[in-house]
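Results of the structural survey
So the chains spell out like this:
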Amino acid sequence: MTDKTSRRWLAPLGAALSLIACYGTLAAVALLGALGVGVALNKAVWAGAIVLFAALAVVALALRWRRHGRALPGLLGGAGLALIVFVMYVSYSLPAELGGFALLCLGTYADWRGGRA
């Protein structure tokens, strides 16, 4: 796998890991709770993992900016990261959280489309 090929997948991987860290953990805890198993999560570590993976996606978008020269993917991803950080550390809001993930995914999609053109 070449360097350019591996960089192409960093942004989608970071966005996917961030979504999995958020909603996958929530689903696993709900499923285990339904089965009668109690799980205690450290919310600071959970939020940190979500933000870390979202930041990885934005860094990957910034690294790929030179390939296609379009600023839109990085701006969308950066706005999504800012919303996710705000939701995780300042004031939780489900619409803002969903909006942050949507912007992050839109930035990743725009990067993929820009890299192919």
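A brief look at the structure comes next. (Residues numbered from 1 in each chain as written. Predicted model: local features only at pLDDT ≥ 70, side-chain atom pairs only at ≥ 80, totals over all residues. Heavy atoms only, no water.)

Some details on the overall build of the protein chain
The line we're drawing: Here a helix means four or more residues in a row that DSSP labels H or I, a strand means two or more in a row labelled E, and each is numbered from the N terminus. Any residue under 20% of the maximum accessible area for its type is buried, any over 50% is exposed, and the rest in between are partly exposed; the area is computed with a 1.4 Å probe on protein chains only. Note on contacts: a residue pair qualifies if any of its non-hydrogen atoms lie within 4.5 Å across the two residues. Using a 1.4 Å probe, the Shrake-Rupley method yields the accessible areas, and only the shown protein chains count as cover for residues.
A count of helices and strands for the protein chain gives five helices and zero strands. In the protein chain, the succession of helices and strands from N to C terminus is α-α-α-α-α. When the 117 residues of the protein chain are sorted by exposure, 28% land in the buried category. Look at the contacts in the protein chain between residues 6 or more apart in sequence, and 75% of them connect residues 24 or more apart. For the protein chain, the exposed area adds up to about 7,000 Å²; of that, 72% sits on carbon and sulfur atoms.

Observations regarding the environment of Ala110
Position of Ala110 among the secondary structure elements: in helix H5 (residues 94-116). Since its relative accessible area comes to 10%, Ala110 is described here as buried. Between the alpha carbons of Ala110 and Val87 there is a distance of 24 Å; along the sequence they are 23 residues apart. The contact partners of Ala110, leaving out residues within four places of it in the chain, are Arg70 and Pro73.

A few points about the side chain of Thr108
Tracing the backbone shows Thr108 in helix H5. In this structure Thr108 touches Ala11, Pro12, Ala15 and Leu61, once residues within four positions along its chain are discounted.

Quick look at helix H3 (residues 43-68)
For clarity, the cut-off: Under the convention used throughout, the expected extent of a helix is 1.5 Å for every residue step, that is, one less than its residue count. Under the rule applied, a polar contact is a pair of N or O atoms within 3.5 Å (in protein, one hydrogen donor and one hydrogen acceptor; residues adjacent in sequence only if both atoms are side-chain atoms).
Taking 1.5 Å of rise per residue, the 26 residues of H3 would be expected to cover 38 Å, and the 38 Å separating its terminal C-alpha atoms lies within 8% of that figure. Ala47, Ile50, Val51, Ala54, Ala57, Val58, Ala60, Leu61, Arg64 and His68 are the residues of H3 that are buried. Two or three places before Ala44, at the opening of H3, Asn42 has a side-chain oxygen 3.1 Å from that residue's backbone nitrogen. Trailing H3 by a residue or two, Gly69 shows a phi angle of about 70°, which is positive.

What to know about the packing of H3 against helix H4 (residues 72-89)
Put simply, the rule reads: Whenever a helix is involved, its axis is fitted only over the stretch in contact; in every case the axis is a line through C-alpha atoms, and angles between N-to-C directions fall within 0 to 180 degrees. For classification purposes, an angle smaller than 35 degrees is called roughly parallel, one larger than 145 roughly antiparallel, one from 65 to 115 roughly perpendicular, and anything else oblique. Amino acid classes used here: Ala, Val, Leu, Ile, Met, Phe, Trp, Tyr, Cys and Pro are nonpolar; Asp, Glu, Lys and Arg are charged; the rest, including Gly, are polar.
Close contact between H3 and H4 brings their axes to 9 Å; oriented N to C, the two are set at 170°. The angle between H3 and H4 places the two elements in the roughly antiparallel class. Each of Ala44, Ala47, Gly48, Ile50, Val51, Ala54, Ala55, Val58, Leu61 and His68 in H3 lies in contact with H4, whose residues at this interface are Pro73, Gly74, Gly77, Gly78, Leu81, Ile84, Val85, Met88 and Tyr89. Grouping the amino acids of the contact of H3 with H4 by side-chain chemistry returns 14 nonpolar, five polar and no charged.

Looking at the packing of helix H2 (residues 10-34) against H3
So the rule is basically this: Note on convention: the crossing is left-handed when the near helix lies turned anticlockwise from the far helix by less than a right angle, right-handed when the turn is clockwise.
Here H2 crosses H3 at 165°, and the two axes come no closer than 7 Å. Taken together, the axes of H2 and H3 are roughly antiparallel relative to one another. In this structure, H2 meets H3 at a crossing whose hand is left-handed. The segment H2 lies against H3, with Leu10, Ala11, Gly14, Ala15, Leu17, Ser18, Ala21, Cys22, Thr25 and Leu26 engaging Trp46, Ile50, Phe53, Ala54, Leu56, Ala57, Ala60 and Leu61. Its residues placed into classes, the contact of H2 with H3 shows 15 nonpolar, three polar and no charged.

Observations concerning the pattern of salt bridges
For the record, the criterion: The rule for a salt bridge is simple: a side-chain nitrogen of Lys or Arg has to be within 4 Å of a carboxyl oxygen of Asp or Glu.
Counted by the stated rule, this structure contains one salt bridge. The salt bridge involving Arg64 is made with Asp111; its shortest N-O contact spans 2.8 Å. Here the residue Arg64 occupies a position in helix H3, and Asp111 occupies one in helix H5, the gap between them amounting to 47 residues. Residue classification places Asp111 among the buried positions, given a relative accessible area of 2%.

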